[in-house]
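Spelled out, the chains give:
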Amino acid sequence: MHFLIFILGLLFGSFLNVCIFRIPRHQEIVYTPSHCMACGQSIKWYDLIPVFSYLILRGRCRSCKEPVSIQYPLVELANGLAYVWIYFVLGFTPAGLMTAILFSTCLVISLIDLQWMIIPNGILVFLLIVGVLFQVFFEKAFIESSIGFFAVSIPLLFIHVVTGGQMGMGDIKLMAVTGWILGWQKIVLALFLGSILGSVIGVSLIAFKVMSRKQRIPFGPFLSGGIILAALYGERMIQWYLDVIQVAL
Ligand SMILES: [Zn+2]
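Residues numbered from 1 in each chain as written. Predicted model: local features only at pLDDT ≥ 70, side-chain atom pairs only at ≥ 80, totals over all residues. Heavy atoms only, no water.

Another point: the environment of Met 237. Mapping Met 237 onto the fold places it in helix H10 (residues 220-248). A sequence separation of 198 residues divides Met 237 from Cys 39, and the C-alpha atoms of the two residues are 50 Å apart. The contacts of Met 237, once residues within four sequence positions are left out, are Leu 189 and Leu 193. (Helix = DSSP H or I, 4+ residues; strand = E, 2+ residues; numbered from the N terminus. Contact = heavy atoms within 4.5 Å.)

Following this line, the structure appears as structure tokens:
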């Protein structure tokens, strides 16, 4: 079972690569066959096997021998491993399925945000539709989702206005949509975890002089990290927090 889930994750990862490359370039993602970025040669099915084709071709195009970005096999591998991980934690449940979709979408969002400093609206609309479908099929409380939609997005919008756009609108929309999916407790937790991740990694990047203080660091990847952690471990973390408070009181 784990192996099948891993393979499924690799195959979806392959499609995520297409999304990461084409969506910010406003290209069609379903019908256009894969082709080499350097020579334009269309890629045969046997050269499109996730991870393996990259290793067999030693990271080069079969026809022009130009190097292929390592990002392709890494995205596939990350998605494959993440699906297995999610299956371990949440099992084959609606929450597990939703978290897998969340992970793949957040992976695409993070890489696009890192390279382009944007979070495309189309991806957020897709996520919102999936969230509404889950709501309908699994009869989640509508009020819980609605509060989740505004719980973090409204405070962030306030920060956006006060700071004159320091907080990106894409980040705010991401937290609204994922708040709808996760509910208000987990989305507040996601923001908290994302901010910690952002501060720790941001400060280290500046400390090790990888980035300068003035460079803008996209927040999307950190928020995504917080969202996935909250989706996976939110229930346990919130329960733990409530226990601690109870003891303290
Ligand atoms: Zn080529």
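Text resumes after the structure shown.
To continue, consider the coordination of the zinc ion. Octahedral metal centres with six donors ideally show angles of 90 or 180 degrees, and tetrahedral centres with four donors ideally show 109.5 degrees. Within the first shell, the zinc ion binds the protein through Cys 36 (SG), Cys 39 (SG), Cys 61 (SG) and Cys 64 (SG), at distances of 2.3 Å. Viewed at the metal, the four donor atoms of the zinc ion are separated by angles of 105 to 117 degrees, and the geometry they form is tetrahedral. Of note, the donors binding the zinc ion are all from one chain and are spaced C-x2-C-x21-C-x2-C. In this pair, Cys 36 sits in the loop between helix H1 (2-22) and helix H2 (52-56) while Cys 61 sits in the loop between H2 and helix H3 (71-90), placing the two residues 25 residues apart along the sequence. Overall, the relative accessible area of 9% leaves Cys 36 in the buried class. On the basis of relative accessibility, which here comes to 9%, the residue Cys 61 falls in the buried class. (Donors = N, O, S within 2.8 Å, 3.2 Å for Na, K, Ca; no water. Tetrahedral: all angles 85-135°; square planar, octahedral: opposite > 155°, others 65-115°. Buried < 20%, exposed > 50% of the residue type's maximum accessible area, 1.4 Å probe, protein only.)

The domain boundaries assigned to the protein delineate domain 1 (1-92) and domain 2 (94-249). Using C-alpha coordinates to define each centre, domain 1 is positioned 25 Å away from domain 2. Taken together, the contacts link 17 residues of domain 1 with 18 residues of domain 2. The interface formed by domain 1 and domain 2 includes four residue pairs in polar contact (both at pLDDT 80 or more). Secondary structure elements with two or more residues in the side of domain 1 that touches domain 2: H1 and H3. Broken down by element, the side of domain 1 that touches domain 2 gets its largest block of residues, 10 residues, from H3. Its residues assigned to classes, the side of domain 1 that touches domain 2 comprises 13 nonpolar, three polar and one charged. (Domains from an automatic or database assignment. Polar contact = N/O pair within 3.5 Å; in protein donor to acceptor, adjacent residues only side chain to side chain. Nonpolar A, V, L, I, M, F, W, Y, C, P; charged D, E, K, R; others polar.)

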